[in-house]
Amino acid sequence: ICARKLGVPLVQWLHGSDYYVQRHRSIRWFTDQASAVITPSRYAMREVQAAGVRVPIFPSNMGINLEVFRPDPAVPKEAQPTIVSVARLGHSKNHERLFRIFAEVRRALPAARLWLVGHGAKEARLRALAAEMGLADHIVFHGATPTETLIDLLRRAWVKALLSDKEGLGVALMEAMACGTPCVASDVGGVPEVVSHEKTGLLIDWSREQAEEYAASEIIRLLRDDALREQYRQAGLADARERFDDRRHIARLDGLLRSLVEHGRLVWEDTEA
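Residues numbered from 1 in each chain as written. Predicted model: local features only at pLDDT ≥ 70, side-chain atom pairs only at ≥ 80, totals over all residues. Heavy atoms only, no water.

Caption draft 1: Summary view of the nonpolar core. Counting 35 residues, the largest nonpolar core has V105 and I139 as the members making the most contacts within it. Of all the elements in the fold, those that place two or more residues in this core are helix 5 (95-108), strand 5 (113-117), helix 6 (123-132), strand 6 (139-143), strand 7 (159-162), strand 9 (201-204), helix 9 (211-224) and helix 10 (226-243). Top contributing element to this core by residue count: helix 9, with eight residues. Discounting chain neighbours no more than four positions away, the residues touching V105 are I83, A112, A216, I219, I220 and L223. Listed in part, the 31 residues of the second largest apolar core include F69, A176, C179 and A185. (Core = buried A, V, L, I, M, F, W, Y, C linked by side-chain atoms within 4.5 Å. Buried < 20%, exposed > 50% of the residue type's maximum accessible area, 1.4 Å probe, protein only. Helix = DSSP H or I, 4+ residues; strand = E, 2+ residues; numbered from the N terminus. Contact = heavy atoms within 4.5 Å.)

Printed below as a string of structure tokens:
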């Protein structure tokens, strides 16, 4: 309303749950008032289009600061097999599934540990579940952490896991890859736009038979195979440096905003987001 009154263009950024978890009919009314919509992935673009939004939609992953999220040869990996999961303890992240799979991993690798980074409404419930499953001594709840601590945990972990039901993109996967940690993630939403299956990590299709058993076996295989982790680590680092630099995203947005303000029309770099 303010943009219309002032006669200036409005660009709307849609991030995640606003279009796939809590979608409401108002999303079309509000979004159609914008001159352009930015989404974090091509998957998200298709979801917004499916809601009936008619204005131009442009996908561009947010990228990450590669000068901050990077490997450090001076930081060693943990002595025991360690999985890290960076995600809010809330809807769609499915930590319960992660716990069940981790229990299977521990049967094969009793020394394995799971680190949870993030906080949310389900924390008390998840702590109780960990205790009920006999995993309380093997799961560490780190809560919300400063960026420096997050990066340290990503560098030290062997594998990053994100087994969500839905993901608009998966920035936490970008961060892990940039720190040199291979990823195992759900084959949902925008995740395949980040992780390349059997190149930079592993994607799990939950519609396959005995999917959780398969996921556990794949994580076990990855934890046991030093050469495979190194292969995914190197490929992930190269991919992060080529595709996930936040300066690229910023330059794209800058070009879009300048074209709207200076020329009254949309100009967008027509390359992969």
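After that view of the structure, there is still more to cover.
Caption draft 2: Expanded view of the pattern of salt bridges. Under the definition given, this model contains 17 salt bridges. With its nearest N and O atoms 2.5 Å apart, the salt bridge here joins E167 to K93. On the criterion of sequence distance, the pair formed by E167 in the loop between strand 7 and helix 8 (171-178) and K93 in the loop between strand 4 (82-86) and helix 5 is long-range, its members being 74 residues apart. Since its relative accessible area comes to 7%, E167 is described here as buried. Looking at K93, the relative accessible area reads 10%, which means it is buried. A salt bridge links R156 to D152; the nearest nitrogen and oxygen atoms lie 2.7 Å apart. Here R156 and its partner D152 are both found in helix 7 (residues 147-156), four residues apart, which amounts to about one turn of the helix. For R156, a relative accessible area of 22% puts it in the partly exposed group. Looking at D152, the relative accessible area reads 27%, which means it is partly exposed. (Salt bridge = Lys/Arg side-chain N within 4 Å of Asp/Glu carboxyl O.)

Caption draft 3: Region of interest: a nonpolar patch on the surface. The grouping of I1, W29 and F30 at the surface amounts to a nonpolar patch, some 380 Å² of accessible area in total. Tracing the sequence through the fold places F30 in helix 3 (residues 26-31). (Patch = residues over 30% accessible without salt bridge, like charges linked within 9 Å, V, L, I, M, F, W, Y side chains within 5 Å. Areas by Shrake-Rupley, 256 points an atom, 1.4 Å probe, with all protein chains shown as cover.)

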